Amino acid sequence: MDITIYHNPNCGTSRNTLALIRNTGVEPRIVDYLGNPPTREQLKEMIAKAGLTVRQAIREKAAPYAELGLDNQDLSDDALLDAMLAHPILINRPFVITPHGVRLCRPSELVLEILPLPQRGAFNKEDGEPVIDAAGKRIGA
């Protein structure tokens, strides 16, 4: 199964998304995007396929965002992409790519929209919030 996650192991949302992928019985290709960021073309493609603007894909909470003045609405997409590639922490995460599409999985449950296989059992987020019941069905959906 061809699934790729652009992952930050220090991020709870990213860890929950990875766990939801694994709950289908699939081990995805895990890209530590902080150490191995996507190319400019890969990043542009992921953003476009996820249906986002470049500004929607930038992580505003990361320290360099304010320091670099990235809140300036006059900045071009190219300028934002340059910043994201120079400082990968600015790439919002996790991006997941499957044969069924690309999503920026915030919240982590968005990954369920593009997983090709069903959940195999119950799943709770790290904070204890139940997401999938024992029958593999999404709770509250």
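Residue numbering note: each chain is counted from 1, following its sequence as written. Local features in a predicted model are, by the rule used here, given only for residues with pLDDT of at least 70; side-chain atom pairs are given and counted only at 80 or more, and totals for whole chains, interfaces and linings are based on all residues. Based on all heavy atoms of the structure, the side-chain values leave hydrogens and waters out of the count.

Draft legend 1. Structural context of the overall build of the protein. The way it works is that DSSP assigns letters per residue, a run of H or I at least four long becomes a helix, a run of E at least two long becomes a strand, and they are numbered from the N terminus. For the protein, the count of helices and strands is four helices and six strands. N-terminal to C-terminal, the α/β element order of the protein is β-α-β-α-α-α-β-β-β-β. In this setup the radius of gyration rests on C-alpha atoms only. A globule is expected at 2.2 Å times the number of residues raised to 0.38. Whereas a compact globule of 141 residues would reach a radius of gyration of roughly 14 Å, the protein reaches 16 Å, a difference of no more than 12%. Taken along the three principal axes of its C-alpha coordinates, the protein extends 50 × 30 × 25 Å. Exposure classes here rest on a 1.4 Å probe applied to the protein chains alone. A residue is buried below 20% of its type maximum, exposed above 50%, and partly exposed in between. Within the span of the protein, comprising 141 residues, buried residues form 43% of the whole. For this analysis, residues touch if any pair of their heavy atoms sits within 4.5 Å. Expressed as a percentage of contacts within the protein between residues at least 6 apart in sequence, the contacts between residues at least 24 apart total 57%. Carbon and sulfur atoms make up 48% of the accessible area of the protein, which amounts to about 7300 Å² in all. By the counting rule applied here, Lys and Arg register as positive and Asp and Glu as negative, while His and the ends of each chain are not counted. Lysine's charge is taken at NZ, arginine's at CZ, aspartate's at CG and glutamate's at CD. Taking the average place of the 16 positive charges on the side chains of the protein and the average place of its 18 negative ones, the gap between the two points comes to 5 Å. Here the open area of atoms and residues is found with the Shrake-Rupley method and a 1.4 Å probe, where only the protein chains shown may cover a residue.

Draft legend 2. The arrangement of the side chain of Ser14 in detail. Position of Ser14 among the secondary structure elements: in helix H1 (residues 12-22). Overall, Ser14 belongs to the buried group, its relative accessible area being 0%. Once you skip the residues sitting within four places of it in the chain, Ser14 turns out to touch Ile5, Tyr6, His7, Asn8, Arg93 and Pro94.

Draft legend 3. Expanded view of the pairing of strand E4 (residues 101-104). Here E4 shows one buried face, formed by Val102 and Leu104, and one open face, formed by Gly101 and Arg103. Bridging between strand E3 (residues 95-98) and E4 involves four bridges; their strand directions are antiparallel. Within E4, the position partnered with Phe95 by the bridge is Leu104. Following DSSP output, two strands are said to pair if at least two bridges run between them. Between E3 and the antiparallel strand that follows it, E4, lie two residues.

Draft legend 4. Inspection of helix H4 (residues 77-86) at higher detail. Looking at H4, one finds that the buried residues are Leu80, Leu81, Ala83 and Met84. Taken around the axis of H4, the buried residues stretch over an arc of 160°, which confines them to a single face. Looking at the packing, one finds that the buried side of H4 touches helix H2 (40-49). It is the directions from the helix axis to the C-beta atoms that the arc portrays.

Draft legend 5. Quick look at the sheet that holds strand E1 (residues 4-7). Reading across the sheet, the four strands line up as E2-E1-E3-E4 and stay open at both edges, with mixed pairing between neighbours. Two strands in the sheet have a free side with no partner beyond their single neighbour: strand E2 (29-32) and E4. For this sheet, the mean inter-axis angle between neighbouring strands, taken without regard to orientation, is 15°. Contacting E1, E2 and E3, H1 crosses the sheet at an angle of about 160° to E1. The strands that H2 touches are E1, E3 and E4; relative to E3, the one it contacts most, it runs at about 80°. Orientation is described by axes fitted as lines to C-alpha atoms, over the contacting stretch for helices, and by angles from 0 to 180 degrees between their N-to-C directions.

Draft legend 6. H1, seen in detail. Along H1, the residues classified as buried are Ser14, Asn16, Thr17, Leu18, Leu20 and Ile21. On its buried side, H1 packs onto E1, E2, E3, strand E5 (123-124) and strand E6 (130-132).

Draft legend 7. Broad picture of the pattern of salt bridges. Salt bridge, as used here, is a side-chain nitrogen of Lys or Arg placed within 4 Å of a carboxyl oxygen of Asp or Glu. A complete count under the given rule lists eight salt bridges for this structure. Of the charged contacts, one joins Glu126 and Arg15 as a salt bridge, the two residues approaching to 2.6 Å between their closest N and O atoms. Placement of the pair is Glu126 in the loop between E5 and E6 and Arg15 in helix H1, with a sequence separation of 111 residues. The partly exposed category is assigned to Arg15, whose relative accessible area is 31%. Here Lys125 makes a salt bridge to Glu129, at a shortest N to O gap of 3.7 Å. The class of Glu129 is partly exposed, set by a relative accessible area of 36%. By sharing partners, the salt bridges in this structure join Arg40, Asp78 and Asp82 into a single network.

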